[in-house]
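# Architecture at a glance
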Amino acid sequence: MRSLFAGLAALAIAAFGAAEAKADKLQDILSKGVVRIGVPLDAPPFGSQDANRKAIGFDIEMAEMVAKGLGVKLEMQQITGANRIPFLMTDKVDIVISVMGLTPERAKQIQFTAPYANTFLAVYGAKSSTVSSPETIGSARVAAAKGTTQELAISAAAPKASLMRTEDDATAAAAYITGQADLLATNSIVAQALAKQNPNKEFERKFVIRRSPAHMGVQMDQHNLVRWLDGFIFFNSMNGELDRLHRKYLDMPMDPLPTL
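Summary of the structure given here. (Residues numbered from 1 in each chain as written. Predicted model: local features only at pLDDT ≥ 70, side-chain atom pairs only at ≥ 80, totals over all residues. Heavy atoms only, no water.)

### Quick notes on the packing of helix α2 (residues 25-32) against helix α8 (residues 223-238)
Orientation of α2 relative to α8, taken along the N-to-C sense of each, is 75 degrees, at an axis distance of 6 Å. In this view, α2 runs roughly perpendicular relative to α8, as classed from their interaxial angle. Contact residues: Lys25, Leu26 and Ile29 in α2; Asn224, Leu225 and Trp228 in α8. Looking at the contact of α2 with α8 residue by residue, the class counts come to 4 nonpolar, 1 polar and 1 charged. (Axes fitted to C-alpha atoms, helices over the stretch in contact; angles between N-to-C directions. Helix = DSSP H or I, 4+ residues; strand = E, 2+ residues; numbered from the N terminus. Parallel < 35°, antiparallel > 145°, perpendicular 65-115°, else oblique. Contact = heavy atoms within 4.5 Å. Nonpolar A, V, L, I, M, F, W, Y, C, P; charged D, E, K, R; others polar.)

The structure is reproduced here in structure tokens:
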């Protein structure tokens, strides 16, 4: 009998542990009064720093809006393309807002919200470059931040390409601007911002990798949180706030967004 009760107690402890492991992140955020959001500071106009080292950009303002909508304090953490999913999976952040594209492989690891911004990924270079597709990259050196959708897409489409995998988007941009790389694979809006900041450098679009709307990300089992964020995105698309951010940071109105 004692062994039976011991076995039942062990099962109860295991069940309690499993329940705790799948704690409701939304309720946890509301109870603690703090939301931890990972944002980029290397991908203007989505995230960068001004002259006073204050975080600014589309994703920064989105994070501030999410915290305000939840009625909690915002704790921002800087992330890169390579570590944004590991930061979620190891519970260093509750939400990632980092101009992140959805891929089937990533969707095995985390949950994605509905998209909040329309962008596409492309390869950029000088007007004199004859590159027009992944097949024509040849010996040209392509800079791309490792772990990003563009880096993975170029690797798959042109496995023999000379790919310069950098730690973050800022380093990839610097490699192209300084001539260490011949081409830059990046987000269309990032390229637009870089062209404005570097008028003496050519950023001609050589080819489009694919359309890549930006999504927020949460841990795989956090259904309540992802549903709240979907509602937040829908509400702010209806009241004009997302259109305001598109016009402010992307210099364009918000086009209709695809749905999940």
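### Brief notes about the pattern of salt bridges
Counting across every chain of the model gives 16 salt bridges. Salt-bridge contacts for Arg247 lead to Asp243; the nearest nitrogen and oxygen are separated by 2.7 Å. Of this pair, Arg247 and Asp243 both sit in helix α9 (residues 241-250), 4 residues apart, which is roughly one turn of the helix. With a relative accessible area of 21%, Asp243 lands in the partly exposed category. (Salt bridge = Lys/Arg side-chain N within 4 Å of Asp/Glu carboxyl O. Buried < 20%, exposed > 50% of the residue type's maximum accessible area, 1.4 Å probe, protein only.)

### A short note on the sheet that holds strand β1 (residues 34-40)
The 5 strands lie next to each other as β4-β1-β5-β12-β6, forming an open sheet whose pairing is mixed. Looking at which strands have only one partner, the edges of the open sheet turn out to be β4 (73-79) and β6 (110-117). Going across the sheet, the axis of each strand differs from the next one's by a mean of 25 degrees, ignoring polarity. Pairing of β1 with strand β5 (residues 95-100) involves 2 bridges; the strand directions are parallel. Pairing of Gly38 across the sheet is with Val96, part of β5. Each of β5, β6 and β12 (214-219) touches α8; the most contacted strand, β6, lies at about 5 degrees to it. (Pairing = 2+ DSSP bridges.)

### Here we look at the pairing of strand β9 (residues 162-166)
Looking at chain direction, strand β8 (residues 141-145) and β9 are connected through 5 bridges and run parallel. Across the sheet, residue Val142 finds its bridge partner in β9, namely Leu163. Of the crossover connections in this fold, the one passing from β8 over helix α5 (residues 149-157) to the parallel β9 is right-handed. (Right-handed = clockwise from strand over helix to strand, strands pointing away.)

### As for unusual backbone geometry
Excluding glycine, residues mostly carry a negative phi; peptide bonds, for their part, are mostly trans. Following Pro44, the chain continues to Pro45 via a peptide bond in cis, the omega torsion being 5 degrees. Checked against the element boundaries, Pro45 lands in the loop between β1 and β2 (48-49). Of note, the phi angle at Asp91 is positive, near 65 degrees, even though the residue is not glycine. Positionally, Asp91 belongs in the loop between α4 (84-89) and β5. On the basis of relative accessibility, which here comes to 33%, the residue Asp91 falls in the partly exposed class.

### Some points on helix α6 (residues 169-177)
Three or more residues of α6 are buried, namely Asp169, Ala172, Ala173, Ala175 and Tyr176. Down the axis, α6 shows its buried residues gathered within 155 degrees of arc, on one side only. Buried-residue contacts for α6 involve β7 (120-125), β8, α5, β9, β10 (183-187) and α7 (188-197). Of the residues that open α6, the one with a side-chain oxygen 3.3 Å from the backbone nitrogen of Ala170 is Asp168. Once α6 finishes, Gly179 follows within two positions and takes phi at roughly 90 degrees, a positive value. (Arc of directions from axis to C-beta. Polar contact = N/O pair within 3.5 Å; in protein donor to acceptor, adjacent residues only side chain to side chain.)

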